[in-house]
Structure formats: C-alpha cells, structure tokens
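Listed below, chain by chain, are the residues.
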Amino acid sequence: MRRAGVVALNTFREAVRDRVLYNLVFFALLMIAASVAVGQISIGIEQTVIVSLGLSAISVIGLLISIFLGVALVSKEMDKRTLYTLLAKPVRRSEFLLGKFAGLVLTLAVNTAAMAMGLLLAMLYVKHSLERSDTVVLVAVYFILLKLALIVALALLFSCFTTPLLAILFTVGLYSAGLYVQELRNLPIEVMSPPMSAFTKWLSYLLPNFENFNVMAMAAHGRVVPGALILQNTLYAVVYCTIVLTAAAAVFSRRNLK
Amino acid sequence: MPDPAIEIENLTKEYPFGFLHLKKRTSLEGLSMQVEMGDVFGFIGPNGAGKSTTIKLLMGLIFPTAGSARILGKPISDVEMHGDIGYLPEQPYFYDYLTAAEVLDYFARFHDLTAADRKDRVDRMLRKVGLETARKIQLRKYSKGMLQRVGLAQAILHDPKVVILDEPMSGLDPVGRREVRDIILELKKDGKTVMFSTHILSDAETLCDRVGVIVGGKLRGVGAPGTLVDMKTLGMEILFELTGTANVPLLSKATRTGDCYRLQVPEEELYAAIEQLRGAGAHILSVSQVKATLEEFFMNLVEADRAQGAAVEVSGQ
Amino acid sequence: MKSEKSIAWLLLLVVPLGFAGIWRLQHGIDAQRASISEERDEVLLRSPKLVKAMSLEYAPLLADIYWTRVVQYYGNKHLRGQANLDLLWPLLDITTALDPNLVIAYRFGAMFLSPAAPGGAGRPDLAVQLIQRGIQANPEYWRLYEDLGFVYYFDLKDYQKASAAFLEGSKKPNALVWMKIMAAKVAAEGESFETSLFLWKDIYDTSADPSVKKNALMHLQLLTVKEDCKQLDALADEYAKRHGKRPSRMSDLVQAGLVRGIPRDPLGFPYVFGEGGKAELNLDSPLLEKQLMFDRFKNVVP
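Residues numbered from 1 in each chain as written. Chains lettered and ligands numbered in written order. Predicted model: local features only at pLDDT ≥ 70, side-chain atom pairs only at ≥ 80, totals over all residues. Heavy atoms only, no water.

Undergrad: Tell me about the overall build of chain C, and please be specific about residues and values.
TA: On a plain count of helices and strands, chain C comes out with 13 helices and two strands. For chain C, the proportion of contacts with a sequence separation of at least 24, taken over those separated by at least 6, is 51%. Carbon and sulfur atoms make up 58% of the accessible area of chain C, which totals about 16,400 Å². (Helix = DSSP H or I, 4+ residues; strand = E, 2+ residues; numbered from the N terminus. Contact = heavy atoms within 4.5 Å. Areas by Shrake-Rupley, 256 points an atom, 1.4 Å probe, with all protein chains shown as cover.)

Below, the structure is given as structure tokens:
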C-alpha cells in the first residue's frame, strides 16, 4: 500500500509538470468565463446557462485528461521502458497499477476542484452571493469526478492488453455505450424476442452506467440531490472501479514486457 | 555450503508470433547454471543470443515458458526479494521530467529507508557515478552515457547483495567504461555478487571470475575465462629479422612488417622451424606461446551456430 | 507466479460479487432517480434544419437513430399507458427531415400520431401532414395513400377525402386492385363493417412488425365484437317481438331457435346480455378490458 502511494505521488508529480494539463484547465476556466458572457445575454436563465456550460466544460476537459492520460499511464511506461527499473524494486505489479490509478485520480481531483472553484466564482460574480442550494453544483462536480475515476480505471484496463490507440477507442466506445445504458433499459423489451430482451437486460447492468452520474440538469435548476443518491453513486463507482482494477491487475501481472 | 546467489534450472522462453500466435520462436532453451556468492559472472554472447531474455526472466519482467530460477534461495516470482537485488536494464530510460536526484530518491522510497538515509545515499551515489554537478537537471537533457550512470546508481543505491547489469558498458566512452569497471571491482571487494552481460569480451576477460557463453539461446560453456580458453589447441609464434631474400620455404607462411617477420607454427614443429630460419641467417627476436583468446573461442561457437542455423533454414523449406 | 495466481483467484471472487453489488446499487439508483422524477428532455434540438446541418454526410444514419428514438419513446409511453405524446411530432419531424425516403417513418409515424389515446397521440391532423410530406418525397409509393385514406377513414371520419386518397393511390404502380374498390365503397357507404374489417385485415396481413400486427388483430377482434353485438341485439329485438319480453340470457335465443349454440367472441368466451338487455362481452373475456380502455379514452380525449 505504501509503495502504491509512492507510485501515486510520482504520477501526480508527472502530471503537475506536464504543460498540456495547465492548458486544458486554463481552457476550461476560459469557457466558464465565457459562460458568464453568454449568461448575460440569456435573460432570466443566467444561472442555468452558467452552471450547465461550466459543468459541461469540467466534464469534457476531465474526459480528455482521463482518457488520454489514463491510457498513457501504463503504456507510456512500457514504451519508454521506465517500468523495467521500477519493477526491479520490491513493487508488485498490482501495486504499480493501483498507484498509477490513484495518482491520476488525485490529479483529476485537484483539476476538477480548481475548475469548480472557477465555476463558483463565476456564479458569485453573477449573483453576488451564494445560497445553500448552490452546493448542488459541488455534488455535480463530485459526480463528474466519480465518472472520471471510472473512466481512468477502464482506460487502464484496456491499456494493459492492447495498443494505446485501441485502448483509447475502446474507452471512448465503452463510455459512449455507458451513456445509453439507460436507453437500453428503457427499450420496450416486450416487443423483443425473449433471448434478446434477456441479453439487453444483462448488458444494461454489466455496462458501466455513466448516466447515473449526470445531475447536470438538476444542478442547473438548483434542485437538491438526495443524500442517498450521493452514497449510492459513490458505492457504484467504488465497486465498479474495484472490479475493473482487479481485472487490470490480473491481466497485467501475466503480461510479458517487451 | 551456502546457497548459490543465482540458480537457474532449465529456463526456457518461447515467444509466440505470426498469425494467431500459432508459431513459436525459442529465445532461450533449457538454460541451467549457477552463479556463486561473491562471484563476478560475465554473461557473454552476440546480440540476440538470449542474454537480455535471461536477465529479464530473472527480474520477473517476462515469464518463463518452462523451468525455474532462484535468487538468494528465493523463487524469482517473489517480489520482496528485489530488495536485495540491483538491476540495470539495457539502455535504461527514466522519467524524463525528474532530475537525477529526484529519480534516485523516488526509487529509494521503495526500500525501507529513513528520509535522512535516503538523502545521504542519493548524494553518495551521485558522487560515485560522477553526476553531482548534473543532479538538478531534468533527465530529458541527459546524454545516453549520463543515463547509463543514473541507471548504475539506482542499481546499487540500496546496497543490494546481488547486482545484475544488462550491458553496463554500452553507450559509454572509455572513461565511463573504466569507471564502471571500477565500480564492479568495488562491489566484488564488498562481497557482492555481480552478474553482467556483455558482448565486449575483453571486459569479461579482465573482470570475471567465471563467464557463461550463450549463443542462439543455448548455453555453450561456463567456467573461468582461462579454463574455457584452454580448450583450444595452442601454437607457437616466432618473431624474427631477416635481411635480403634467402630461399626459405617457411617465409611464404610468415607475415612481414619491414624487415620483421611473424610466423606461427604448431608446437611440435617449433625446433625444425627455428633451425631452418637460423640456417637462412635469420635473427630470432622472440618465441612465445600463443593462447587462444576468449574471442576465438567465441567466434568458433558463433560460426558453428550460424552454420547450424543455415542448415535448419534449408531443411525448413 | 504466486501473486499472479492469487490475483486470478481474487478476480473470480471480485467479478461476481462486484456485479451483484452493481445490480443492487443500480436498482437503488434507478429508484432514487425515479423519485426525483425529472422529465428528461428527449429532444434537445427541435429544429430539423439545424439537426440536418449538424449531421454532415451522416443524415441517413442519424435518421435511423432518431427513428429508434421514436419507437422507444412511443413504446415507453404506450407501455406505461401515458397519453402524453407531445414529443412524438418533433421526433418524427426531425427523422423525416433527415431522411425523406425513410418510408417506414411516415407509415408508422402516422399510426402513432393519428389514433386517439391510448393507441396514439390523437393528432390525425399531424398524421395527415406527415403522410403528405411522405407522398411528396415518395410520390410513387402507393401504400402511403392507403395510410392517408386510413387516417381519413378511421380518425377523421372524412369519407370523401378517404375515398379520394384510395383512388389516387390505386393509380400508382404496383397498387393492389382493392384500392380502387375501397375508393368506391367508402365514397358510397361511409364507414361500414366490411371496409373497416378489410383495412385492418390488410394491415394485419402485410405488416412485419409484431406490435403493429398485435394492434391490428385487437382492432379486428373488437370490430367483430361490435358487429356481433349489433346482430345479437337485433336477434334480441326479434325475440322480444315473439315472446313479449327481452331475453335474459343467451340460452333463451338458442331455445327460441334464433341462434345455433351459444354465440362466442373471437377469443371463445360466450357473450352475455347486460343489465340494459344489450349483448355484451363476457366479464371473463380479456377483450373486455381492451374495449373499456378504448371507450374510456374516447370520452377523455377531445
């Protein structure tokens, strides 16, 4: 565990020294600032516009970071052979993976926190004060972070057994599919053949349901997210990440390094 | 009797390749050998002979198709044992966003060391490999030779009992090589076991207690460099001066440099040759025994392997 | 090797346990979300032109996706018995704008839009608009005229226009011969049992979609029931004329020799006489529920 922590901190340090990251976060803050301008011309729904644009920016930038850096976590270390010296230390491969995962999630947490701060400032600028109901924005940001953690885990899993390009494609594919799981469940399964409807049902539970984490509409209208949902979503992300990371560790601990 | 430092039994590695991974290429075939505690062991062979494969198998970077190995009496799958091993990969590369001091500190954190101890060791190692002045520079600006030094520093940072170095001399200038040689000798003096691979035979000859020669994935000989060489037949070399062109049949076999000639004859023909030369008025400068070098031994093996390889290729068609 | 194996074992444990947990959690989250009951906006962009502009060269593909959304939307609302089908028109509007040749979208779309609830959105006007747009894009496809006639006949009760639609369609290539007959018959008689029966039967026979087939079959059965009851009422009148009182049960008609055997509905349940002395479906017949549903919505929806 301590050794995974060492890897995590180094992963975080790598991200901090990466200029691309700052550019992305800067871009997100720029979008949030722009939303203030957009909000001003959309009379009556300033807050809605700012919150939904801001949350979208945080989500999109987070997605870019988590998919691309998530896939690079392991594949870059293998490509550059930095992994050789590391694995010659008393480190298990599973500890290495866990550390890499935790490091990037830590990076994402710091980034989203920075972006959320920007969003709150934009809201403060428009409304001159923040109310208690505005905490729902923080809940929405937290859900985005949970979603990003799950994506990092998936990217990590795919990069453990395939090329970076394919891993990116798989991750993006699974993410898109995961957005439509709800639709899958809403299909009028009565009109399908029984094996097909059973398959659809199973699939809708096996695929990660990214729609769970989407409360953007509620946040935009300042509606309260129930505490039970926060707990359930947290558990969902933790359990799903555990499954994916265990699978990644199982794959990676058998992998021959080139 | 203490356990050998490294024990390898029937280690085999096959790589699947081709469509659906149906074909197999054997990179290492039934390797069995031991490295005794405190020895400096040289692992020599041409490129692609299986040296790196063996070392990666020992370090758990790849997994054997068959066979097993133990280091310090523990199976190689035991990661905890890595605390007592130092490893320098071939052409090492490190996180280029870190400085030399940072990367060493990072690696040191995987061992149970106090912060003060860590700092002390990092400083000492940087001094040892001559990177003190470059310690605050990010590794992306390092030359190949400097990276090699960082690699060496991280391999011996934690005072390991066994040090495994994959091509430690490659990419280094003569000064760097000298320094690596000194470090290896220093490790030996401290009672460490060193196993290093190289394709530079003089390094192995001067440094090693024992060498293993590997060609085509098979071990072809293990032993002290001298004993391996003794297997070759010996000859005698005569160095002589001769002015004018006397009619000596042996001259056709000699190589000439100005008035100086060099002639190699089998041991039993030595006296006959000397008499013949004296008769022709030659002035004999020296007579010495010719030892087959490690290089010759090595070249013979490689050529034999190539011939065999060709035969296999033909029969394969 | 040891840690490698232990991870494989761990995986065997984690995957089933984990997904069992996911299953439970997802149910919890679904329940939680349902309680918040946010109406998810199914149509983000309502402008067909904008959607088409954004679809690049993939408009037909996008049309297919929108079409599945139409089916999903209709299916969901239909299954839950919800009468509010507000978004059906925008979805169909975009679908047909994206791919004007997606004939199925006009045909089924009209079938979803036209009938009164619970069968559809109760917007025959929009259905006519949709089909006319379809005819404009696919003028040679005679089935669209059939659908147009269908909407005029059943939902708008405009028999002149229905007859005109059938006649127009009968001139198109490959049109079946009955279209012309239908045109004449509807013009002469207006709504009649035979015409209705024929139209539903054609839909039943020609549709490949099971849910459409099911719907047509139900209509056929209800039509038959309606016609049966009408005839049974006539027979009851006859009985009253002969015996001076209305029959109290079906066996009265049998005894009077007016029918042979107890008359039964299409599902095999015997008809009964209700309190008003009118012939009705048996309480046990599943058709009764369907009939009541239709009657109820007819009163509610204007």
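Undergrad: Outline the pattern of salt bridges, listing residues and values.
TA: Enumeration over the complete set of coordinates arrives at 39 salt bridges over all chains. A salt bridge links Arg3(A) to Glu80(B); the nearest nitrogen and oxygen atoms lie 3.1 Å apart. Of this pair, Arg3(A) sits in helix 1 (residues 2-16) while Glu80(B) sits in the loop between strand 5 (74-75) and strand 6 (85-88), placing the two residues on different chains. Given the relative accessible area of 37%, Glu80(B) is considered partly exposed. A salt bridge links Lys119(B) to Asp123(B); the nearest nitrogen and oxygen atoms lie 3.4 Å apart. Separated by four residues within a single helix, Lys119(B) and Asp123(B) lie in helix 3 (residues 115-128), roughly one turn from each other. Linked by salt bridges that have partners in common, Arg3(A), Arg92(A), Glu95(A) and Glu80(B) make up one network. (Salt bridge = Lys/Arg side-chain N within 4 Å of Asp/Glu carboxyl O. Buried < 20%, exposed > 50% of the residue type's maximum accessible area, 1.4 Å probe, protein only.)

Undergrad: Can you tell me about the interface of chain B and chain A, naming the residues and giving the values?
TA: On the chain A side, the residues contacting the 32 residues of chain B number 28 residues. When the buried area of chain B at its contact with chain A is split by residue, Leu61(B), Tyr97(B) and Phe110(B) rank highest and sum to 24% of it. Run the count over chain B and chain A and you get five salt bridges. A salt bridge links Lys80(A) to Asp96(B), with the nearest nitrogen and oxygen atoms 3.5 Å apart. At the boundary of chain B and chain A, one finds 20 residue pairs in polar contact (both at pLDDT 80 or more). The biggest single contributor to the side of chain B that touches chain A is helix 2 (residues 100-108) of chain B, with three residues. A per-class count over the side of chain B that touches chain A returns 16 nonpolar, eight polar and eight charged. (Buried area = accessible area lost by both parts, 1.4 Å probe. Polar contact = N/O pair within 3.5 Å; in protein donor to acceptor, adjacent residues only side chain to side chain. Nonpolar A, V, L, I, M, F, W, Y, C, P; charged D, E, K, R; others polar.)

Undergrad: How would you sum up the packing of helix 4 (residues 144-156) of chain B against helix 5 (residues 174-189) of chain B? Please name residues and give values.
TA: Residues and elements named next belong to chain B. Between helix 4 and helix 5, whose axes approach to 12 Å, the crossing angle comes to 10°. When the axis of helix 4 is compared with that of helix 5, the two are roughly parallel. Along the contact surface, helix 4 presents Arg149, Leu152 and Ile156, while helix 5 presents Gly176, Glu179, Val180, Ile183 and Leu187. (Axes fitted to C-alpha atoms, helices over the stretch in contact; angles between N-to-C directions. Parallel < 35°, antiparallel > 145°, perpendicular 65-115°, else oblique.)

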